[in-house]
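Coordinates in review
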Amino acid sequence: MNLEKARILVQGIVQGVGFRPTVYRIAKSINLTGYVRNLGNVVEILLEGEKSDIKNFTENLKKNKPPISKINSLKVEWLKPGPQEFEDFEIFKSSENFSGSSVIPPDLATCDKCLEEVLKKGDRRYKYPFTACTDCGPRFTVIRSVPYDRERTSMDEFPLCSSCMDEYRDPEDRRYHAEATCCPECGPEVFLYGKHRVESENPIKDAVKLLDEGKILAVKGIGGTHLVVKTRDDGPVKELRKRLGRFNQPFACMSPDVDTIKTFAEVADFEERTLLSRRRPIVVLNKNQDYYLAPSVSPVLHNLGVMLPYSALHHLLFQYTDEPAFIMTSANMPGEPMLIDNSDIIEKLEGVADYFLLHDRKIVNRCDDSVVRFRGGDMAFIRRSRGYVPEPYDFSRINPDLNVLALGPEIDVTFSILKEGKCYVSQHIGNTTKYETFRYLQNAIDHLMGITKTESVDVVACDLHPMFFTTKLAEELAEKFQCPVLKVQHHHAHAAALSVDNNVEEMICIAADGVGYGEDGTAWGGEILHIKPGTYMRVGSLMPQKMAGGDLTTKYPMRMVMSMLYNICDTEKLVELMKNYKGYFKHGEKEIELVSKQLERDFNINTTTSTGRVLDAISSALGICGERTYEGECSMKLESAARMGQDSLEIPVEIKKHDGMDVLDTTQIMLSVLEMKQSERTADIARAAQKAVSEGLAELALRAAEKSGLEVIGGSGGVFYNEAVSMTIKRVVEDAGYRFVQHKNSCAGDGSVSMGQAAVASWNCRDL
Ligand SMILES: [Zn+2]
Ligand SMILES: [Zn+2]
Ligand SMILES: [Zn+2]
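Residues numbered from 1 in each chain as written. Chains lettered and ligands numbered in written order. Predicted model: local features only at pLDDT ≥ 70, side-chain atom pairs only at ≥ 80, totals over all residues. Heavy atoms only, no water.

1. Some thoughts on the overall build of the chain
- The helix and strand inventory of the chain stands at 23 helices and 31 strands.
- Computed over C-alpha atoms, the radius of gyration of the chain comes to 28 Å, within 12% of the 27 Å expected from 2.2 N^0.38 for 768 residues, which places it in the range of a compact globule.
- Dimensions of the chain along its principal axes, counting C-alpha atoms only, are 95 × 65 × 50 Å.
- In the chain, which comprises 768 residues, the proportion classed as buried is 62%.
- Taking all contacts inside the chain whose residues are at least 6 apart in sequence as the whole, residues at least 24 apart take part in 72%.
- Within the structure as shown, the chain displays about 30,000 Å² of accessible surface, and the carbon and sulfur contribution to it stands at 46%. (Helix = DSSP H or I, 4+ residues; strand = E, 2+ residues; numbered from the N terminus. Rg over C-alpha atoms; globule rule 2.2 N^0.38 Å. Buried < 20%, exposed > 50% of the residue type's maximum accessible area, 1.4 Å probe, protein only. Contact = heavy atoms within 4.5 Å. Areas by Shrake-Rupley, 256 points an atom, 1.4 Å probe, with all protein chains shown as cover.)

The structure is reproduced here in structure tokens:
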């Protein structure tokens, strides 16, 4: 008797997620015969049986696919009917000889079923911190190479015991081919270190006891290591700050559950869903009225970053304490990558951590926690890393044939690999001016090229800045791959990332951030760009301002205030005014004189259109923050202050012409701020000033949109993390009848610059 036959090809996240066993179970349940196998970038399913059953199968598969998997395409090819070829339905082993890239899933939080086992007395995985299954656990952080099989992960050091092996081989079991599965018999162990190894029956319980006593611990987790300390007392938190030399930067926390978070922070529905998602990012939440954690957790700010436990080990920490939250901050030396190696952790954190809760599974790929923030109901990634990486973006509509490696900017670096129409944006790499981080970048490139099977690239894209280490690396790599380098202006890259994230090819983009190297060699950062695929025109900006002492203005924003006022104020009066702020200059009055001379002689002066510098300057002028000790500090504190203010003041917005281009007069805004400071409340002025800058940027964009006839205006750059700025611009743009788009699935800040560079390269090199 002849049977109907079909070959089904499924693409997406279909490897290492329990896809084949699901196919197996469904096929068996409706008596189809044939096989399923991985072919690298696709899963191939061959089915024999009744036509209606085969149709049923595909419907069933779409409905019941494993929770982590993602089907991008499912193609059914009907073959010639014929006699039965297969006795049964089988899962074939994955073949190493495939071309094309497979998509590796990200690391995902412990699933409910695993957690139940961990908490259930008598279960063989009771209190076992590495419990995982096909639906959860580490992936990206343990994979050395592809295809994703246990022997190519750091789990290969832990051969499965017979009970685990039975589960691993049983297609009906949820641990069938769960590559990270293990148990107390066969898997990794945790141990506690002080000066030496601490003998302990239950290292996690003993570690928590130390935390409750106020000790500082380093805890090695899934993709990296955290410094952990309790949060209700200022004492231990401040001690950690002192030891790290990080006096102001907010620390992220971990809480056991959402109800506990709600005791100290406001949690909207969309925030709750994100906290609970399997990706488990840190969500920046507003403190509530009852906030009771130590003020030093997130000093001066109205918000703090919180996440829920994402590994069994984290869940277990909260089994032994009634602390509502622990600080969980990445354990690293300033600017360097997070520590992942046991001996490094102990050696480098000597004097920082009192104790170390470690384990013997190697972290192959470091992956920092992801951070998101909502503005209104709109989510923005501040950092897209653990739980999301290496899931690619779809670039197939731009150019499916070109391979691109894009290296990002310099400080908040990610890199991207574009291959076969998929853009893989890397985990957070960080500050590449530090040697260790630069090395990390190089290793991470090798690794991601490996697991995406990218042997060579057609273009290397990088920033326009000639002095960045990433620019130099791009030149080296281009030589290695014998391909051209494409230098992409920083804000053009921002806008291009926004454009692919929203699938809008042409628009007016407000790119507002700290600084990026401009085409004219000045420091851009408040730009209105008209973008088209691969190109852009600069059609507006903030008014160019002097920056006395270049980068020093970033650290000491009063230098910026002084520079902004220099041309319109009498020098003597300006120097007198600045003396009220002498504490905001590193060397007090002497330095004020020096800055005045610098401005007079035009010595060591850059020019900038940066929005970040202007917001920082306003923050300083209002006495809110006079020295930046971490990125974004002064403008973040300005935002927090403005939240406490009323809409009682109005600062007019003036658009002027500069070199034939519309610019927003930021000096006028600064003058209004200083004038109001004589009589008005700081919070009200902060609110009015922030609003004026936002409305000014929106007005510039509206003028450009009107001129060009475009209907979409977008916002990109770190300034868009500021909820008030982002929402004001959105309101003004929408009230004028235009559509406003922001980053939805990518970082608003520099984390998506590499993705934008890749997009620009892809558009520009279509004919390569
Ligand atoms: Zn699980
Ligand atoms: Zn086992
Ligand atoms: Zn930027």
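Next, the rest of the story.
2. Side note on the sheet that holds strand β15 (residues 371-375)
- Strands sit in the order β7-β6-β14-β8-β9-β13-β10-β12-β11-β15-β16 across an open sheet of eleven strands; the sheet is mixed. The open sheet is flanked by β7 (197-198) and β16 (378-383), the only strands paired with a single partner.
- Lying over the sheet, helix α5 (residues 203-212) contacts β6 (190-193), β8 (217-220), β9 (225-230), β13 (326-330) and β14 (355-359), oriented at roughly 40° with respect to β6.
- Set on the sheet, helix α8 (residues 269-276) makes contact with β11 (282-286), β12 (303-307), β15 and β16; between it and β11 the angle comes to about 155°. (Pairing = 2+ DSSP bridges. Axes fitted to C-alpha atoms, helices over the stretch in contact; angles between N-to-C directions.)

3. Here's the deal with the packing of helix α15 (residues 558-566) against helix α16 (residues 571-579)
- Their axes nearest at 11 Å, the elements α15 and α16 cross at an angle of 160°. By the criterion of interaxial angle, the relationship of α15 to α16 is roughly antiparallel. Here α15 and α16 pass one another in a crossing that is right-handed. For the pair α15 and α16, the contacting residues are Met 558, Val 561, Met 562, Leu 565 and Tyr 566 in the first and Thr 571, Leu 574, Leu 577 and Met 578 in the second.
- A breakdown of the residues in the contact of α15 with α16 according to their chemical character gives eight nonpolar, one polar and no charged. (Parallel < 35°, antiparallel > 145°, perpendicular 65-115°, else oblique. Left-handed = near helix turned anticlockwise from the far one by under 90°. Nonpolar A, V, L, I, M, F, W, Y, C, P; charged D, E, K, R; others polar.)

4. Thoughts on the coordination of the zinc ion (ligand 2)
- Coordination of the zinc ion (ligand 2) by the protein involves Cys 161 (SG), Cys 164 (SG), Cys 183 (SG) and Cys 186 (SG), with metal-donor separations of 2.2 to 2.3 Å.
- Coordination of the zinc ion (ligand 2) draws on donor residues from a single chain, spaced C-x2-C-x18-C-x2-C in sequence. On the criterion of sequence distance, the pair formed by Cys 161 in the loop between α3 (112-119) and α4 (162-169) and Cys 186 in the loop between α4 and β6 is long-range, its members being 25 residues apart. The pair Cys 161 / Cys 186 is uniform in exposure class, with both members buried. (Donors = N, O, S within 2.8 Å, 3.2 Å for Na, K, Ca; no water.)

5. Looking at the pattern of salt bridges
- Here the structure, examined in full by the defined rule, presents 50 salt bridges.
- Arg 243 serves as the salt-bridge partner of Asp 354, at 2.9 Å between the closest nitrogen and oxygen. In this pair, Asp 354 sits in the loop between α10 (342-348) and β14 while Arg 243 sits in helix α6 (residues 234-244), placing the two residues 111 residues apart along the sequence.
- Residue classification places Asp 354 among the partly exposed positions, given a relative accessible area of 26%.
- Judged by its relative accessible area of 28%, Arg 243 is partly exposed.
- With a shortest N-O distance of 3.1 Å, Glu 699 and Arg 703 are connected by a salt bridge. (Salt bridge = Lys/Arg side-chain N within 4 Å of Asp/Glu carboxyl O.)

6. Digging into the side chain of Ser 370
- Residue placement: Ser 370 occurs in the loop between β14 and β15.
- A relative accessible area of 0% means that Ser 370 is categorised as buried.
- Of the polar contacts made by the side chain of Ser 370, one reaches the backbone oxygen of Arg 386; its length is 2.8 Å.
- Those residues in contact with Ser 370, other than ones at most four positions away along the chain, are Pro 281, Ile 282, Arg 383, Arg 384, Ser 385, Arg 386 and Tyr 388. (Polar contact = N/O pair within 3.5 Å; in protein donor to acceptor, adjacent residues only side chain to side chain.)

7. A short note on the nonpolar core
- Counting residues in hydrophobic clusters, the biggest one holds 65 residues, and the most contacted among them are Ile 510, Met 578, Ile 618, Met 670, Ile 713 and Ile 729.
- Setting aside anything within four residues of it in sequence, one finds Met 578 in contact with Met 558, Val 561, Met 562, Leu 565, Phe 585 and Ile 592.
- The next biggest cluster of nonpolar side chains, apart from the first, holds 57 residues, and it includes Phe 19, Phe 89, Ala 478 and Cys 483. (Core = buried A, V, L, I, M, F, W, Y, C linked by side-chain atoms within 4.5 Å.)

8. Examining the packing of aromatic side chains
- Under the counting rule described, the total for this entry stands at twelve aromatic pairs.
- An aromatic cluster is present here, built from Tyr 35, Phe 86 and Phe 92 joined pairwise through their rings.
- Looking at Lys 51, its charged tip hangs above the ring of Trp 78, at a distance of 4.8 Å from the centre. (Phe/Tyr/Trp six-rings, centres within 6.5 Å; stacked < 30°, edge-to-face > 60°. Lys NZ or Arg CZ within 6 Å of the ring centre and 35° of its normal.)

9. Focus: the domain arrangement of the chain
- Along its sequence, the chain is organised into domain 1 (3-91), domain 2 (190-371) and domain 3 (379-489 + 751-758).
- The distance between the C-alpha centroids of domain 1 and domain 3 comes to 35 Å. (Domains from an automatic or database assignment.)

10. Things to note about the coordination of the zinc ion (ligand 1)
- In the first shell of the zinc ion (ligand 1), the protein supplies Cys 111 (SG), Cys 114 (SG), Cys 133 (SG) and Cys 136 (SG), at 2.3 to 2.4 Å from the metal.
- Of note is the zinc ion (ligand 1), whose four donor atoms meet at the metal with angles of 105 to 118° in an arrangement that counts as tetrahedral.
- On the primary sequence, the residues serving as donors to the zinc ion (ligand 1) are separated as C-x2-C-x18-C-x2-C. Of the two residues, Cys 114 is situated in helix α3 and Cys 133 in the loop between α3 and α4; the sequence distance between them amounts to 19 residues. Comparing Cys 114 with Cys 133, the two get one shared label, buried. (Tetrahedral: all angles 85-135°; square planar, octahedral: opposite > 155°, others 65-115°.)

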